[in-house]
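In case you want the letters, here they are:
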Amino acid sequence: MESEAPAEAGQQDAVGHHALEVSGVSKAYGPTVALEHADLSLQAGRVLALLGENGAGKSTLVRILSGVVSPDTGEMMVHAAPYKPRSITEARGSQVATAFQELSLVPNLSVAQNLLLPRLAKSTLGLVSRRQVLTRGEEILSRHGLSRIDPDLEVSQLPLSDRQRIEIARAIENAGRVLILDEPTAALAETDWIFEQIIKARQRGVAILYISHRLAEVREICTSATVLRNGRSIATVGLEQATDGDIFEMMVGHRVDTTRQVAPKSARDPKPRVQVSDLQGEALNGVSFEINQGEVLGVAALEGQGQRALFRCLAGLTAAQGGTVQIDGKIAGYRSPRQAMHFASGVSYLPEERKTEGILTGLTAATNIVLPFLPRIAKMGFISARSEEATARRAAETVEMDKRYLSFDIADLSGGNQQKALMGRTLASGAQTLLLFDPTRGVDVGTKESIYTAIRQFAEAGGSVLFYSSELPEIVQLADRCLVLYDGRIAREFSGDDIAEHRLIAAMVGHSETEAA
Amino acid sequence: MTFSKDSTQDRSAFAQTGDARGVARVSRETINAIAVAVICIALLLGARFINPALGSWSQVETVLVLGSFLVVLSFGQGLVILTGGLDLSLPAVITLGGIMATNWIGMTDPTAWYLLPVVLLACAGVGLVSAIGIVWLRVPPFIMTLAMSIIVLSALLGYTRGSPRGGSPDAATALMKSSVLGLPSVIVFVIGFVIVGWLFQSRSVAGRYLYAIGTNLDAARIAGVPVVLMQMVPYVISAVCAGIVGIMLVGYSNGATLRMGDDYLLPSIAAVVIGGSSILGGRGTFLGTVGGALLLTTLGTIISAIGLQIGLRTIIEGLIVLTALLLLREELFQKLGSLWR
Amino acid sequence: MIDTTAPLAPSAARQVSAATLLRRVVQGGGMILFIYLALYAYYGAIEPRALRAHSIADLMNNTVPLALAAAGLTFVVLNRGFDLSVAGVISICNVTLAVAPLEGPGGAALSALMCLAIGATVGLVNGLLVGYARLQSIAATLATMIICQGIALVILRAPGGFVSEWIVYEMTDRLWGVIPVSGLVVAAVLLVWILIRRTDFGVSIYAVGADEQAAAMSGINVRRVRAGAYVCAGMLYGLAGFMLSAQTATGNPNSGAPLLLLAFAAVALGGTSLAGGRGGVFASIMGAATLMLLQKVLFSSGISSFYTGMFQGSVLILAVVFSGLIARIGERK
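About the criteria used
- Residues numbered from 1 in each chain as written.
- Chains lettered and ligands numbered in written order.
- Predicted model: local features only at pLDDT ≥ 70, side-chain atom pairs only at ≥ 80, totals over all residues.
- Heavy atoms only, no water.
- Helix = DSSP H or I, 4+ residues; strand = E, 2+ residues; numbered from the N terminus.
- Rg over C-alpha atoms; globule rule 2.2 N^0.38 Å.
- Areas by Shrake-Rupley, 256 points an atom, 1.4 Å probe, with all protein chains shown as cover.
- Axes fitted to C-alpha atoms, helices over the stretch in contact; angles between N-to-C directions.
- Parallel < 35°, antiparallel > 145°, perpendicular 65-115°, else oblique.
- Left-handed = near helix turned anticlockwise from the far one by under 90°.
- Contact = heavy atoms within 4.5 Å.
- Pairing = 2+ DSSP bridges.
- Buried < 20%, exposed > 50% of the residue type's maximum accessible area, 1.4 Å probe, protein only.
- Salt bridge = Lys/Arg side-chain N within 4 Å of Asp/Glu carboxyl O.
- pLDDT = per-residue confidence, 0-100.
- Patch = residues over 30% accessible without salt bridge, like charges linked within 9 Å, V, L, I, M, F, W, Y side chains within 5 Å.
- Lys, Arg positive; Asp, Glu negative; His and termini not counted.
- Charge placed at Lys NZ, Arg CZ, Asp CG, Glu CD.
- Polar contact = N/O pair within 3.5 Å; in protein donor to acceptor, adjacent residues only side chain to side chain.

1. What to know about the overall build of chain A
- If you tally the helices and strands in chain A, you get 20 helices and 20 strands.
- Its C-alpha radius of gyration of 25 Å places chain A within 12% of the 24 Å reference for a compact globule of 517 residues.
- Along the first, second and third principal axes, the C-alpha atoms of chain A reach 75 × 50 × 45 Å.
- In the form shown here, chain A has an accessible surface area of approximately 21,100 Å², with 49% of it arising from carbon and sulfur atoms.

In structure tokens, the structure reads:
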């Protein structure tokens, strides 16, 4: 039944017909407005891109369209009929389906079972038939060019890229009219397969909403884009007329200045603080480099090139499988972040995932800041509220965080202020080497500036910084030197004014030196 | 549930303005503790109207003495729950403490008070074994403490051949039966215990570490909390508390039985939960737990004084736990919060 | 093999690594079945009478209440929940049967239905509290358990009363002198379980236990599945209470309490993961059987029954550590 529905719908709908109309949709969680006013129009057989910064309201809009949450106000129409889904199943009933960014596959069920959820194929007795489930699963897989995947395999056994493909295939199966793809290429190395699937769906008259951070990819498959900013849909533009600069301006609200602001370091003798040689690990194939005192070393890489493993290894979270790390000339033998903080001149780590690895919800921002060095401010093992507050305030000042936020539960602060608190904590730990993993992910422009300033001041005072960023302009602005990781190795190293976006990109995608130059 | 977690993320990501929200949330636990205490007092005073014999000072004393067992016990249970665990071995360890105090000390020399610390050390040993199993061997706390409970009780059964003998050591009797400055000395002891426990949980470095671990283990590890050690500490403390309760019970009833701890496991969890702690860990205060323990004891005393049969008493207790749970739901607090605004 | 979450491939041609296979066998009850058989072989060797129909039926009768309680608990644990109300439901059923004995086969059938209804009601309350009111399962079922214990005490204040003779004799008897009736009850439960496993509900229980959010996003009604699991669990506790009453022949308002912790031990011993989504009813029943058999074996070996618990506890820890190791090896692959 489900397999035939898309084809049927396709015959009815002419290309260009309004498939999904969204007008004035808003959503607030308590006092916070996640989505203020969004308008959107999807046409059958067309692909529309949804663009916006982190936190612009994209994920809330996706949740509303998919039936996960209900909007507070606004109207939605699918094929001219009112569309008010209260659950994913109801959305599917209107032939609207979503491939979620966080993947919605159940790990302990088979591929075929996942493809058919929530209603599996039954035999004549009304019981789930293993054989029929497999057959149906196989059919769906082959329809989407995935017949190489075993439908009987448990999803947890699949690599992430295949899980993403199955997530997409399932969404396409259920999307007769509207297909929503939320960051569908996050785990895919190439776009051929997905574009092929999108074109096939388009030909059937399915309207597609395509959400991606990768502008090049968006330009390839979409004709127009709707831009969200601060919870409002700003504009819908034809992608052929708009330059990247125009689009960024719409997303951020002002021109983005990516000129290099780093003053060339005075040529004093570089004193190495961290020496890494031939580091081997899960995703590391022999990485060697040095960080000097007073130096900001950037790391640039595409997703999953070993940067995460490198940082976690240096932070003491995972053990290296080979190679050595020396701090101040001493071979590092620490096995936990705690030991790392106290090893030699200290190593302090700002984690990648703010929500799951960074903040401690339920505790105040002040406690979050002072946690790593509690014993330092304690007397006889006890802490006075005053010394906690005073220490946290000093740390907050280094990142220009408003001190009135210190007594708040950190969960109630904005993402930017949470990040400032964590950054302040990392700086105040007293460690002379900082490992910053994407220190400005998902924060606003003002917070970014505060964090940049704090990093520069720290380096000027003689500290060493290793930082990874998913935003190249940030590396261009901040780094004294930059390593490009590719496939667990250092592909290239740039320093000084050689650090430019186009060079970094060329090295990141694995181009050899001659091509890059 | 997971969706509501997501919505929290959204909420915080967009919270740019407004001032009162954080403070309100953090002090929720304090408000809760005060509320529980007020209910306790109101109940005691209100009971006067039902029966003039109730609500007298001597009855307050009775409640405090009876409640002292639960207060001490639920401190340990509260710490374990704070880190996201659960200690099911409490009844066994209470019995271990009680039986060592009677069969081992009491038989040889009731005046040998200096042997009591050895009893507590033995209890701590049980807690340590549980902790090692949970942290190093990664056995779920529920299973590990359950297994330890079965093992310890069986060992005690074998050691006593089924019938514990001996009397209470003098020190235990003195703690439970004597008085200081006109107050039963156990009340003085418990007041001291509460102060120390509160300082430990809310004001000490170790206490902060426990909150951090209970909130988010990964984040705590990255923040430099000694997670291995600090995950083990609550189980040891909890076992020591259970040992103390065992000795107190021996002093109170001048003897030990093999089932002396049975009636304390569920109340110890209930006291922590009623006191406003999250069973998932990371939330709650010891003062709240003390309030929960006293509330449970007060209710028990009043209900039994009214003369209800034990079955109805139990039902009422269960309903109270349930009501407390429903009232304490996070969502409810958020709803109330939005009404006030 | 009934309980493997991802059934084994029909053809050996499919590539399944040895570690994955080992993990599936362990989590599917293979490990506990092996332990049980080894233990039984040892028992047969030291106690020749062990293999007689009478002793087998005796052992079976002793095991069944715990096995049914553990089977019920499995539904909830698969859902990543806890259920303490098992003790309360068993107690209520037991005292009900002792206070209102109904004679004859019709009376027995009515009694059984009553037990199922009591269990289903308590399960429904749990399911509403956990699934819809979103209370923590351990806290919510703690409350319902206390209430159930109270109800049991109201029905019967002190141990006493008589369970109807028909139930006492027939339910502990052997058919044709060979097949224990209690064994048939367990077999029936297993059959129902196999059927449930082949419904959308059965698959959903595993899905919700493994990843609630993904299950919801896949269109599964998480709340309904969760509530349904508690109801199924409650009905099995009711049946456990029924069989326990046949065994003890008398009423005791605290009769369920000793089964509470043992039921959890049986589930864990069977290899069902407390983290949800892995394991099954068959494994839990074998876990319960192993715990009870262990008692017999220790007794026959001349070890005082005082020390049974030490062995049970140690076996429990070892089994959990072992299956944890296996699971970790499997995940790494």
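So, next bit.
2. Regarding the packing of helix α4 (residues 86–99) of chain C against helix α6 (residues 137–155) of chain C
Residues and elements named next belong to chain C.
- Interaxial distance between α4 and α6 falls to 8 Å at its minimum, and their mutual angle equals 15°. Taken as axis vectors, α4 and α6 run roughly parallel relative to one another. Along this stretch, α4 crosses α6, giving a crossing that reads as left-handed. Within the contact between the two elements, α4 uses Ala87, Gly88, Val89, Ser91, Ile92, Val95, Thr96 and Val99 and α6 uses Met145, Cys148, Gln149, Ile151, Ala152 and Ile155.

3. As for the sheet that holds strand β15 (residues 330–331) of chain A
All names here are of chain A.
- Taken in spatial order, the 4 strands line up as β12-β11-β14-β15 in an open sheet, and their pairing is antiparallel. Each end of this open sheet is capped by a strand with a single partner; those strands are β12 (284–292) and β15.
- Taken together, the 2 bridges between strand β14 (residues 322–327) and β15 define a ladder with antiparallel strand orientation. Its bridge partner being in β15, Gln326 is matched across the sheet by Ile331.
- Here helix α10 (residues 307–314) sits on the sheet in contact with β11 (272–281), β12 and β14, set at roughly 60° to β12.

4. Examining the pairing of strand β6 (residues 96–99) of chain A
All names here are of chain A.
- A two-sided burial pattern is seen for β6, the buried positions comprising Val96 and Thr98 on one face and Ala97 and Ala99 on the other.
- Pairing analysis gives 4 bridges linking β6 to strand β7 (residues 178–182), with the strands arranged parallel. Paired with Thr98 across the bridge in β7 is Ile180.

5. Points about the interface of chain C and chain B
- Facing the 45 residues of chain C at the interface are 46 residues of chain B.
- For the pair chain C and chain B, the interface holds 0 salt bridges.
- Elements that contribute at least two residues to the side of chain C that touches chain B include exactly α6, α10 (212–217), α12 (257–270) and α14 (308–332) of chain C.
- Element by element, the count of residues in the side of chain C that touches chain B is highest for α6(C), at 13 residues.

6. Here's the deal with the confidence of the model for chain C
All names here are of chain C.
- Overall, the predicted model of chain C reaches an average pLDDT of 85, with 90% of residues at or above 70.
- The low-confidence segment residues 1–15 (pLDDT under 50) makes 38 contacts with residues lying over four places distant or belonging to another chain.
- Two numbers describe this predicted complex: its pTM, 0.81, and its ipTM, 0.79.

7. Structural notes on a positive patch on the surface
- A surface patch of positive charge is lined by A:Arg376, A:Arg393, A:Arg394 and A:Lys403.
- Looking at A:Arg394, the relative accessible area reads 55%, which means it is exposed.

8. A few points about unusual backbone geometry
- Cis geometry is adopted by the peptide bond preceding A:Pro118, which originates at A:Leu117 and carries an omega value of 0°.
- Topologically, A:Pro118 is positioned in the loop between α4 (111–116) and α5 (130–143).
- In the Ramachandran plot, A:Asn230 falls in the positive-phi region, its phi being about 50° despite a non-glycine side chain.
- Relative to the helices and strands, A:Asn230 resides in the loop between β9 (224–229) and β10 (232–238).
- Residue class for A:Asn230 comes out exposed when judged on its relative accessible area of 60%.
- Although it is not a glycine, C:Arg80 sits at a positive phi angle of roughly 60°.
- With respect to the helices, strands and loops of the structure, C:Arg80 is situated in the loop between α3 (53–78) and α4.

9. Re the sheet that holds strand β13 (residues 296–300) of chain A
All names here are of chain A.
- Taken together, 6 strands build an open sheet; the order of strands is β16-β17-β18-β13-β19-β20 and the sheet is mixed. If you trace the sheet from one side to the other, it starts and ends with β16 (347–350) and β20 (489–495), each paired once. The mean inter-strand angle of the sheet, taken between neighbouring strand axes irrespective of direction, is 20°.
- Bridge analysis of strand β17 (residues 433–437) against strand β18 (residues 464–468) gives 5 bridges, and the strand direction is parallel. Among the inter-strand pairings, Leu434 is bridged to a residue of β18, identified as Val465.
- Packed on one face of the sheet, α10 meets β13, β16, β17, β18 and β19 (481–486) and runs near 150° to β17.

10. Details of the side chain of A:Glu388
- As for its placement among the helices and strands, A:Glu388 is situated in helix α15 (residues 385–398).
- With a relative accessible area of 7%, A:Glu388 lands in the buried category.
- Within the local environment of A:Glu388, its side chain forms a polar contact with the side chain of B:Arg208, the two groups lying 2.7 Å apart.
- If we skip the residues at most four places from it in the chain, A:Glu388 touches A:Ala366, A:Thr367, A:Val370, A:Ile377, A:Ile383 and B:Arg208.

11. Topic: the packing of helix α4 (residues 57–82) of chain B against helix α13 (residues 265–274) of chain B
Residue and element names in this part refer to chain B.
- One can describe the packing of α4 onto α13 by two numbers: an axis separation of 8 Å at closest approach and a directional angle of 65°. One way to sum up the angle between α4 and α13 is to call them roughly perpendicular. Two packed elements cross with a definite hand, and for α4 against α13 that hand is right-handed. Where α4 approaches α13, its residues Leu70, Leu73, Ser74, Gln77, Gly78 and Ile81 are matched on the opposing element by Leu265, Pro267, Ser268, Ile269, Ala271 and Val272.

12. Observations concerning the pattern of salt bridges
All names here are of chain A.
- Taken as a whole and judged by the stated rule, the model has 19 salt bridges over all chains.
- Glu173 serves as the salt-bridge partner of Arg143, at 3.1 Å between the closest nitrogen and oxygen. With a gap of 30 residues between them, Arg143 in helix α5 and Glu173 in helix α6 (residues 160–174) connect regions that are remote in the sequence.
- Three or more residues joined by partner-sharing salt bridges are found here, namely Arg148, Asp162 and Arg165.

13. Observations regarding the side chain of C:Thr144
Residue and element names in this part refer to chain C.
- With respect to the element layout, Thr144 can be found in helix α6.
- Overall, Thr144 belongs to the buried group, its relative accessible area being 5%.
- A distance of 3.1 Å separates a polar atom in the side chain of Thr144 from the backbone oxygen of Thr141.

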